[in-house]
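Structure assessment
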Amino acid sequence: MFSSRVSAQILANTEQLSRQYPNSAYRLVKVMLDKAISQNDKRTEGDCLQQIGLLLYHQGSYVQAIDYLLQAQKIFIDTGEENRLARNHNELGTVYYYNEQVDRAQSQFNEALAFYRQRNNAEGLAQTYANIGHICEKRHDPKQAYHYQKLALANSQAAKDVTSLTKIYENLGSIFEDEARYDSAHFYYQHALILSKQTQDEIGQIEIINNLGDVFRKTGRYQQGLKLSHEAMQRSQQKGELYQLSAALRDIAKTYRLLNQPDSAYAYLERSRDLVDAIYAAENTRQITLLQTLYDVERKDSEIAKLNAQKRIDFIIIIAASIVLVLIGILGAVIISRQRLKIQNEQALNQQNQQIFQTQNELMQVELKNQQLEEENLKGQLELKRKELTTHTLQIIQKNQVLEEIKEDLTAILKDDKRDQKKQVRQLVEKISLNFSQDKYWTDFRTIFDQVHPYFFTQLTQQFPDLTATDLRLIALFKMNISSADMATLLSISSDSLRVSRYRLRKKIGLSEGESLSAYIHRFPSPPMPSPENNTI
């Protein structure tokens, strides 16, 4: 296995190499990863996966970077590498942030913060607080951003981490610059510049000088700002830092515009735009090269895995073939000796199967006849019920017609002046009217109707639960093709009331204008259901 010191040193060198030569860095880390996997060195495997994730992050491949960092995170959890896990939380949170998944980034930073607080790790706390403060700044919450950056500053000072302290000073300067508090911004940027000179971080110095130039320009000190921007431009050209060079050119253009020198402003702005295009093209080329390297390495790994698998398969085939040849020799003798017995058993089995088939066929014929008889019986019963329903309906119509005639005659008698007959006749009229409202005939009608049209009312009330008992009676009469006059008689209502009832029924079931109510009721589905429910008409 790799020693921890050797692995850390190689990975540290790879991290520097990945910025300029990402494809070479990836190949180097991939070799380490494959060796760690073959030796079951989980710690080094997790470190390599993390390093590949960071390499992809620096190349802008955020989704792939997240995938590798999540793989590393799982290994660190399984192996109990808490320090590595906490660092991975911070790295993964940073990638989530740049992939515009701020909530997930915050969650990762919170995980790292909880661990570093428990261990009182000042260096880790400084980095994590700075990350959280950066999120608050981008969320336009300067108060919280300043709070977390101050916490980061205190922990960084306690850890005596000059590199981290430099970045935190720069973050604080950025917060104050966004708030237009330029004196405070200048103070923190100046401290960051001093510390970056101590660490000889020349790239960091360029960025800070650019920021100081911004502060001078925003406070109207254009010449001082222009001087710093030119210095940042020259240093960027010397170091080949295209990003910082583009920023310096853009800042110079802004300053010349404020100095009312549009020609110079335009010239520097055009140089900045050309440089941005060049950076974009270079980044695309570098990303394509890296992705091609990833593809080539993965393809070679896949081919190697296939070859190894094929070798194992070939070996297994050879062993299996040898065993099969031996077994064939043994089984051949057994098969020949028992072939006659097998033929005899098959003949006996075939004969038995034929007998079983004949018996089953006879049973199926009997069952089919029984089903036909039962179907004919059911058809007869259904026809009988239909006739019974029709007869019952006609009886109700006749009864109501007779009662209606009697009621009309009695009403005419009541209009007569013979007061000694009025009381008795009025009682008869009330008794006949009461007879109209009784539900006995409707109960009998419903019983027969359900037998002729099973489940019709169950499905109807399930689809239209607001239907009343009167609505259901009206629908049943439509289903039986009863005429409007007979419907009015059966329901003991006038023709006008029947039209109103029909109009209300159309609204309840949602029929559009012009659609036939009777046709809709006749085509309403009513397939058999497992358990009908009782409804009252």
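Our subject is the structure that appears above.
Residues numbered from 1 in each chain as written. Predicted model: local features only at pLDDT ≥ 70, side-chain atom pairs only at ≥ 80, totals over all residues. Heavy atoms only, no water.

The subject of this paragraph is the overall build of the protein. Secondary structure assignment for the protein yields 21 helices and zero strands. Buried positions account for 36% of the 537 residues belonging to the protein. Within the protein, counting contacts between residues at least 6 apart in sequence, those at least 24 apart form 60% of the total. Accessible surface for the protein amounts to roughly 32800 Å². Of this, 52% is attributable to carbon and sulfur atoms. (Helix = DSSP H or I, 4+ residues; strand = E, 2+ residues; numbered from the N terminus. Buried < 20%, exposed > 50% of the residue type's maximum accessible area, 1.4 Å probe, protein only. Contact = heavy atoms within 4.5 Å. Areas by Shrake-Rupley, 256 points an atom, 1.4 Å probe, with all protein chains shown as cover.)

Turning our eyes to something else, we now look at helix α4 (residues 62–79). Taking 1.5 Å of rise per residue, the 18 residues of α4 would be expected to cover 26 Å, and the 26 Å separating its terminal C-alpha atoms lies within 8% of that figure. Those residues of α4 lying buried are A65, I66, Y68, L69, A72, Q73, I75 and F76. A positive backbone phi angle near 75 degrees is found at G80, which sits one or two residues after α4. (Expected span 1.5 Å × (residues − 1).)

Compared with the 24 Å implied by 1.5 Å per residue over 17 residues, the 25 Å span of helix α5 (residues 82–98) between its first and last C-alpha is a close match. For α5, the tally of buried residues reaches twelve of 17 residues, placing the bulk of the element in the interior. Where α5 is concerned, the buried positions are L85, A86, N88, H89, N90, E91, L92, G93, T94, V95, Y96 and Y97. If you follow the buried residues of α5, they end up packed against α3 (42–58), α4, α6 (102–119) and α7 (122–138). At the C-terminal side of α5, E100 shows a positive phi close to 60 degrees.

Moving on to the packing of helix α11 (residues 202–218) against helix α13 (residues 242–258). Where α11 meets α13, the axes come as close as 10 Å, and the angle between the chain directions of the two elements is 15 degrees. Relative to α13, the element α11 lies roughly parallel. When you trace α11 past α13, the crossing you get is left-handed. Judged by residue contacts, I206, E207, N210, D214 and R217 of α11 engage Q244, A247, A248, D251, K254, T255 and L258 from α13. The class makeup of the residues in the contact of α11 with α13 is four nonpolar, three polar and five charged. (Axes fitted to C-alpha atoms, helices over the stretch in contact; angles between N-to-C directions. Parallel < 35°, antiparallel > 145°, perpendicular 65-115°, else oblique. Left-handed = near helix turned anticlockwise from the far one by under 90°. Nonpolar A, V, L, I, M, F, W, Y, C, P; charged D, E, K, R; others polar.)

The phi angle at H140 is positive, at roughly 60 degrees, despite the residue not being glycine. Considering the arrangement of structural elements, one finds H140 in the loop between α7 and α8 (142–159). A residue is classified by how much of its surface remains accessible, and H140, at 70% relative accessible area, is exposed. A positive phi angle is found at A180, which is not glycine, with a value near 65 degrees. Its place among the elements puts A180 in the loop between α9 (162–178) and α10 (182–198).

A general feature of soluble globular proteins is that nonpolar side chains tend to end up buried together. Among the nonpolar cores identified, the biggest contains 73 residues, and I52, I168, Y169, M233 and Y268 are the most heavily contacted of them. For Y268, the contacting residues outside a window of four places in its chain are H230, M233, L249, I252, A253 and Y256. Counting 28 residues, the second largest nonpolar core, distinct from the first, contains F456, L460, I509 and F524. (Core = buried A, V, L, I, M, F, W, Y, C linked by side-chain atoms within 4.5 Å.)

This next bit is on the packing of α4 against α5. The axes of two packed helices give the description: the angle between them and the distance between them. Running from N to C, α4 and α5 point in directions that differ by 160 degrees, and their axes come no closer than 10 Å. Viewed along their axes, α4 and α5 adopt a mutual orientation that is roughly antiparallel. As for the relative orientation of α4 and α5, their crossing is left-handed in sense. Residues Y62, A65, I66, L69, L70, A72, Q73, F76 and I77 of α4 form the contact with α5, whose participating residues are R84, L85, N88, H89, E91, L92, V95, Y96 and Y98.

It is worth spelling out the side chain of N131 at this point. Structurally, N131 is set in helix α7. What makes N131 buried here is its relative accessible area of 16%. Among residues more than four places away in sequence, those in contact with N131 are N90, T94 and F109.

Before going further, it helps to spend a moment on the environment of R235. Residue position: R235 is located in helix α12 (residues 222–239). In the structure, R235 is positioned 30 residues away from Q205 in sequence and 9.1 Å away in space, judged by C-alpha atoms. With residues up to four places along the chain from it excluded, the contact list for R235 reads Q205, I206 and I209.

It is worth spelling out the environment of A25 at this point. In this structure, A25 sits in helix α2 (residues 22–38). On the basis of relative accessible area, A25 is assigned to the buried category, the value being 0%. As for A25 and L55, which are separated by 30 residues in sequence, their C-alpha atoms are 8.1 Å apart.

With that settled, consider a nonpolar patch on the surface. Nonpolar side chains collect at one region of the surface, where F315, I316, I319, I323, V326, L327, I330, L331, V334 and I335 lie side by side and expose about 930 Å² of accessible area between them. If you trace the backbone, V326 turns up in helix α14 (residues 262–414). The exposure class of V326 is exposed, given its relative accessible area of 51%. (Patch = residues over 30% accessible without salt bridge, like charges linked within 9 Å, V, L, I, M, F, W, Y side chains within 5 Å. Salt bridge = Lys/Arg side-chain N within 4 Å of Asp/Glu carboxyl O.)

Counted under the stated rule, the structure contains 16 aromatic pairs. Between F449 and F456, the aromatic rings sit 6.0 Å apart at their centres with planes inclined by 65 degrees, giving edge-to-face as the arrangement. The exposure classification of F449 matches that of F456, with both residues buried. Measuring from centroid to centroid gives 6.5 Å for F464 and F524, while their planes differ by 45 degrees, and the two rings are tilted. (Phe/Tyr/Trp six-rings, centres within 6.5 Å; stacked < 30°, edge-to-face > 60°.)

Turning our eyes to something else, we now look at the pattern of salt bridges. Pairs can form between side chains of opposite charge once their charged atoms are near each other. What the rule picks out here adds up to 19 salt bridges. Between E81 and R84 there is a salt bridge, with the nearest N and O atoms lying 3.4 Å from each other. Here R84 falls in the partly exposed class, since its relative accessible area comes to 25%. With a shortest N-O distance of 1.9 Å, R499 and D496 are connected by a salt bridge. Here D496 and R499 lie together in helix α20 (residues 495–509), a separation of three residues that amounts to about one turn. By relative accessible area, which is 52% here, R499 ends up exposed. You can call D496 partly exposed: its relative accessible area is 46%. Residues joined in a network through salt bridges with shared partners are R43, D47, E81 and R84.

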